[in-house]
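Each chain, written out:
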Amino acid sequence: MSQWVARLRRAAPYLAPVAGAGSVALGVAALAVHGIQGPDWSADVDPFWHTVVVWCVVVGGVGALLARFRPEHPFGWLAVLAGWLLGSSEVALVVAALSGPPGVDRWLLWLGSWLWLPGYALLATVALTLLPDGRLPSPRWRPVLVAQTVVVVVATALEAVTPWERLDPPMRTSGLTNPLEVAAVAGVRSAGPALVAAAALVAVSALLLRVRSARGADRWRLLPIAVGAALAVAVALSAAAAPDSWGPWVAATSVVPLVAGIGLAVLQGELVGADAAIGRSVAYAALTAVVVAGYLAVVGAVGASVGGPTALLAIVLVGVTLHPAQQLVQRQVNRLLYGRRDDPTQVLAAFGQRLEGMGSAEPGGEGLPGLAHTLADTLRLPYVAVTVNDEVVSRAGSPAGVAVSERLVHRGEDVGELHVSPRRGEPTLSAADRRVLAGLRPALAAAVHSLRMTRDVVRSRAAIAEARDAERERLRRDLHDDVGPTLAALVMQLDLAREQVAADPAAAEALLDRIKEGVTGVVDSTRRIAHDLGPRDLDDADLRAALTEVVDRFSAGPVLISADLADTGPLSEGAETAILRATAEALANVVRHSGAQTCRVALGRENGQVTLTVSDDGIGITGAETPGLGLRSLRARAEQLGGRCDIASSGAGTTVTLRLPAHAADGGGPA
């Protein structure tokens, strides 16, 4: 069984379209002949030809679609078989009525008299019992399936041997008789349709049993069939109120919603790769409806008395409008499935309108307002996201399947990534989708770059304000904890010296000497505070000399500090200020907090970058600690200059690395 299914799967992509096209062709051929010959002729040949046309086109077409994508499901193949049987029956009747070859026309009438019955009966019994998953409700239903098949065979056999004048309605045969008629079965011929009706009721019972026992997703899978059946009943009832010229067509189309519902139920969850074919099928089904409607409209406009020339005129007029109608229908179906993918100009226009709102404050946009939603809506994509440094800055929908990622490059620099999930049923993005996205990527990359620059400016402003507050806090702390207490102590010592001047001049003189030393210390502290408030004037000394002075100032402490300062060439004032501040801040942290014995300061320029490294062998930064305001302000300063400040710490020590791009260091960036 599994080998048979595997072979059917391999053959389905080729066999199903051919079989479906044959069924549709038979229906179209029947429509053309009946249209040319006129209603009176058609009523004599087959009063139910309208139903045959609709079944060949709709049932056969949908069956081919199901057979292509669910070849293991019997319904699709049975639907295609029904289209072929009905179409062949109608063609046989038409050819015989048009005076087929002598001797052959009798056998053509015989084929036309019974081939239609198994087409209807198999779908109403066997196929319905196997819905929606292609299996029986339980193994106990196998005898029922066998009995239904036997009923169809028996009913068909009875129809094939019944005298033509005893059929209901009788056939117009121009004196010809059934070549295989058995007069004895004429009395029991009516039992065939009755048995088929009973078998169909059993099939409906099986479907109702499934509905009753279904839970969750299984019940939802049966919902399209129920909706389709309800619509079919409504359309069939409305046929009674339709005009005589439209009534047969309305009754015939009642099968369309039911077959559509069955198709959705069968294909549910199995649409991998089927969207394009479904789109074409919907387009051509709609086109067929346009053709039929156009034909009937022309015939109705001409009048009720329709002969061959009038019908031919109707077909010619409909044929003239067929190509533009096909293009219009296909565009609308493509827009429903793929958005405006076939019209890149519209996509670019919608995208441009979104870019004009870059400064708006839409929720979650932060400078990239709704670009992901624009792409998702215009291309009907289930998921679109834009990320910058692994952060989602714009998003629409939820990931479905394997998302496709595309780099966003602006002036040779990677600024982010675009993540897109293909539509349901598509394993990846099509070439058309990739072409549209390729046209949008440069504009999107520019927008992301603008977003990054805006965020950098906002962060830099915040960091500068934070650094300013930190400097104020440090100044307040130094004045409060150092200068303030020292001055208070000096005031007390001056009061004591004044009291001792007359009583003990020598002690007063010694006390004044200590006061002088204290005042000198306050002066030194004040100078240090003033020095820390801003960088030294670098006009009269190069960067290496200034760094050497900073290193010497901290070398008086317990940490042995070494320096390896290479010549970096001329740098901008902003870059030199950042390097000096970074060195001073890092050395202050080493002396105060690290517990290190040695520290090394290195400055160099390589590969287009100026790099400052301050490393120590201290205890490092523990997990509970975070870099202070000073180091955070250095990071902000580095980002403002287009560089970065990294801190790496472990139990073996801490390393602070400041990297500035050469163009910023040379004065090409902000200072």
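Each value, and the rule that gives it
Residues numbered from 1 in each chain as written. Predicted model: local features only at pLDDT ≥ 70, side-chain atom pairs only at ≥ 80, totals over all residues. Heavy atoms only, no water. Helix = DSSP H or I, 4+ residues; strand = E, 2+ residues; numbered from the N terminus. Buried < 20%, exposed > 50% of the residue type's maximum accessible area, 1.4 Å probe, protein only. Contact = heavy atoms within 4.5 Å. Areas by Shrake-Rupley, 256 points an atom, 1.4 Å probe, with all protein chains shown as cover. Phe/Tyr/Trp six-rings, centres within 6.5 Å; stacked < 30°, edge-to-face > 60°. Lys NZ or Arg CZ within 6 Å of the ring centre and 35° of its normal. Pairing = 2+ DSSP bridges. Core = buried A, V, L, I, M, F, W, Y, C linked by side-chain atoms within 4.5 Å. Axes fitted to C-alpha atoms, helices over the stretch in contact; angles between N-to-C directions. pLDDT = per-residue confidence, 0-100. Salt bridge = Lys/Arg side-chain N within 4 Å of Asp/Glu carboxyl O. Expected span 1.5 Å × (residues − 1).

### Quick notes on the overall build of the protein
Argument step 1. Regarding its fold elements, the protein presents 22 helices and nine strands.
Argument step 2. The proportion of buried residues among the 671 residues of the protein is 42%.
Argument step 3. If you take every contact in the protein between residues at least 6 apart in sequence, the share linking residues at least 24 apart comes to 68%.
Argument step 4. In the structure as shown, the protein presents an accessible area of about 34700 Å², 61% of it carried by carbon and sulfur atoms.

### Quick word on the packing of aromatic side chains
Argument step 1. Inspection of every chain in the model, using the stated rule, returns five aromatic pairs.
Argument step 2. Centroid distance Trp107 to Trp110: 5.7 Å. Interplanar angle 80°. Geometry classified as edge-to-face. One end of the pair is Trp107 and the other is Trp110, both in helix 5 (residues 104–114) and three residues apart, which spans about a single turn.
Argument step 3. Given a relative accessible area of 41%, Trp107 falls into the partly exposed group.
Argument step 4. Residue Trp110 is classed as buried on the basis of its relative accessible area of 14%.
Argument step 5. Sitting over the face of the ring of Phe69, Arg68 holds its NZ or CZ atom 4.5 Å from the ring centroid.

### Let's talk about the pairing of strand 4 (residues 413–421)
Side chains on a regular strand alternate between the two faces of the sheet.
Argument step 1. Strand direction decides the pairing type here: strand 1 (residues 383–388) and strand 4, joined by five bridges, are antiparallel. Bridged to Val384 within strand 4 is Val420.
Argument step 2. Bridge count between strand 3 (residues 404–410) and strand 4: seven bridges; the pairing is antiparallel. Its bridge partner being in strand 4, Arg407 is matched across the sheet by Glu417.
Argument step 3. Counting the residues that bridge the hairpin from strand 3 to strand 4 gives two residues, and of these Arg411 lies at a positive phi of roughly 55°.

### Things to note about the nonpolar core
Argument step 1. The biggest cluster of nonpolar side chains holds 47 residues, and the ones touching the most others in it are Val59, Phe75, Leu123, Leu131 and Ile225.
Argument step 2. Of the residues forming this core, the biggest block, ten residues, is contributed by helix 3 (residues 49–69).
Argument step 3. Once residues within four sequence positions are removed from consideration, Val59 is found in contact with Val54, Ala79, Leu123, Val255 and Val259.
Argument step 4. Ranked by size, the runner-up nonpolar core spans 33 residues in total, among them Leu547, Val559, Val614 and Leu634.

### Focus: the sheet that holds strand 1
Argument step 1. The strand order 2-1-4-3 describes an open sheet built from four strands, whose pairing is antiparallel. With partners counted over all chains shown, the strands left at the sheet margins are strand 2 (391–397) and strand 3, one partner each. On average, adjacent strands in this sheet sit at an angle of 20° to one another, irrespective of strand direction.

### Considering the environment of Gly22
Argument step 1. Along the chain, Gly22 falls in helix 1 (residues 2–37).
Argument step 2. Of the residues examined, Gly22 reaches a relative accessible area of 16% and is grouped as buried.
Argument step 3. Between the C-alpha atom of Gly22 and that of Gly60, which follows or precedes it by 38 residues, the distance is 8.6 Å.

### With respect to the confidence of the model for the protein
Argument step 1. Per-residue confidence for the protein gives a mean pLDDT of 76, with 74% of residues at or over 70.
Argument step 2. Residue range residues 359–367 is modelled with pLDDT below 50. Its contacts to residues more than four positions away, or to other chains, number eleven contacts.
Argument step 3. Here residues 667–671 is modelled with pLDDT under 50, and outside its nearest four sequence neighbours on either side it reaches ten contacts, counting other chains as well.

### Some points on the sheet that holds strand 5 (residues 560–565)
Argument step 1. The five strands lie next to each other as 5-6-7-9-8, forming an open sheet whose pairing is mixed. Lying at the two open borders of the sheet, with one neighbouring strand each, are strand 5 and strand 8 (644–650). In this sheet, neighbouring strand axes are inclined to one another by 10° on average, regardless of whether the strands run parallel or antiparallel.
Argument step 2. Relative to the sheet, helix 20 (residues 573–594) contacts strand 5, strand 6 (598–606), strand 7 (609–616) and strand 9 (653–661), its axis offset from that of strand 7 by approximately 10°.

### Description of the pattern of salt bridges
Argument step 1. Taken as a whole and judged by the stated rule, the model has ten salt bridges.
Argument step 2. Its salt-bridge partner being Glu159, residue Arg189 comes within 2.8 Å of it at the nearest N-O pair. One end of the pair, Arg189, is in the loop between helix 7 (142–161) and helix 8 (191–213); the other, Glu159, is in helix 7, and 30 residues separate them in sequence. Across this residue pair, the class does not change: Arg189 and Glu159 are buried.
Argument step 3. Two residues, Asp495 and Arg498, come together in a salt bridge whose shortest N-O distance is 3.5 Å. A residue pair is termed a helical-turn pair when its members lie 3 or 4 positions apart in one helix, as Asp495 and Arg498 do in helix 17 (residues 431–503) at three residues.
Argument step 4. Look at Asp495 and you get partly exposed, because its relative accessible area is 36%.
Argument step 5. For Arg498, a relative accessible area of 64% translates into the label exposed.

### Details of helix 11 (residues 255–267)
Argument step 1. The end-to-end C-alpha distance of helix 11, which contains 13 residues, comes to 18 Å, matching closely the 18 Å that a straight helix rising 1.5 Å per residue would cover.
Argument step 2. Along helix 11, the residues classified as buried are Val255, Pro257, Val259, Gly261, Ile262, Gly263, Ala265, Val266 and Leu267.

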